[in-house]
Amino acid sequence: MYLKDVYIPIIVIISYMIGEIYKVIVRNSESYKKLTPIVVTLFGGILGVLIYITNKEMLGETNNIWMALEIGMTSGITSTNANQIIKKIIEKRGGKENE
């Protein structure tokens with residue numbers, strides 16, 4: 001398997017971890033927790049651009065930095081959806097909901 005096949009899941013996983021770290025840092029402020037999707041989207045965009053700058057071949061058919069930014073931001077916001085899926089699975093199994 002080539003690295004260019006897994007760059008999007010890598011961005012999603014790293015963005016998810018950054019989102020979880022961010023929520024721990026701002027655990028006492030509900031208003032800052034609401035900014036988590038924005039934080040992971042921006043971080044994903046930055047990560048996409050960094051990957052493009054360091055290794056253009058890794059992003060496949062990405063022709064310019066704007067496409068890399070778009071791919072990164074989309075992957076970053078996907079981590080928020082992954083978080084919601086995990087929360088719903090935990091709720092269905094009877095576990096307590098955690099942010």
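Residues numbered from 1 in each chain as written. Predicted model: local features only at pLDDT ≥ 70, side-chain atom pairs only at ≥ 80, totals over all residues. Heavy atoms only, no water.

Caption draft 1: Expanded view of the overall build of the protein. Broken down by element type, the protein carries 4 helices and 0 strands. Ordered by position from the N terminus, the helices and strands of the protein form the series α-α-α-α. Within the protein, counting contacts between residues at least 6 apart in sequence, those at least 24 apart form 58% of the total. As presented, the protein carries roughly 6800 Å² of accessible surface, and 64% of it is formed by carbon and sulfur atoms. (Helix = DSSP H or I, 4+ residues; strand = E, 2+ residues; numbered from the N terminus. Contact = heavy atoms within 4.5 Å. Areas by Shrake-Rupley, 256 points an atom, 1.4 Å probe, with all protein chains shown as cover.)

Caption draft 2: Up close: helix 1 (residues 7–25). The terminal C-alpha atoms of helix 1 lie 27 Å apart, and with 19 residues this matches the ideal 27 Å at 1.5 Å per residue to within 8%. Three or more residues of helix 1 are buried, namely Tyr7, Ile11, Val12, Ser15, Gly19, Tyr22 and Lys23. Axial view of helix 1: buried residues confined to an arc of 140°, hence all on one face. Looking at helix 1, the residues exposed on the side facing more than 90 degrees away from the buried face are Ile13 and Val24. The elements touched by buried residues of helix 1 are helix 2 (30–33), helix 3 (36–54) and helix 4 (65–92). (Expected span 1.5 Å × (residues − 1). Buried < 20%, exposed > 50% of the residue type's maximum accessible area, 1.4 Å probe, protein only. Arc of directions from axis to C-beta.)

Caption draft 3: Region of the structure containing the environment of Ala82. Structurally, the position occupied by Ala82 is in helix 4. Put simply, Ala82 and Val49 are 33 residues apart on the chain and 22 Å apart in space, counted from C-alpha to C-alpha.

Caption draft 4: Inspection of a nonpolar patch on the surface at higher detail. On the surface, a nonpolar cluster with roughly 390 Å² of combined accessible area is contributed by Tyr32, Leu35, Ile38 and Leu42. Looking at the element boundaries, Ile38 is found in helix 3. (Patch = residues over 30% accessible without salt bridge, like charges linked within 9 Å, V, L, I, M, F, W, Y side chains within 5 Å. Salt bridge = Lys/Arg side-chain N within 4 Å of Asp/Glu carboxyl O.)

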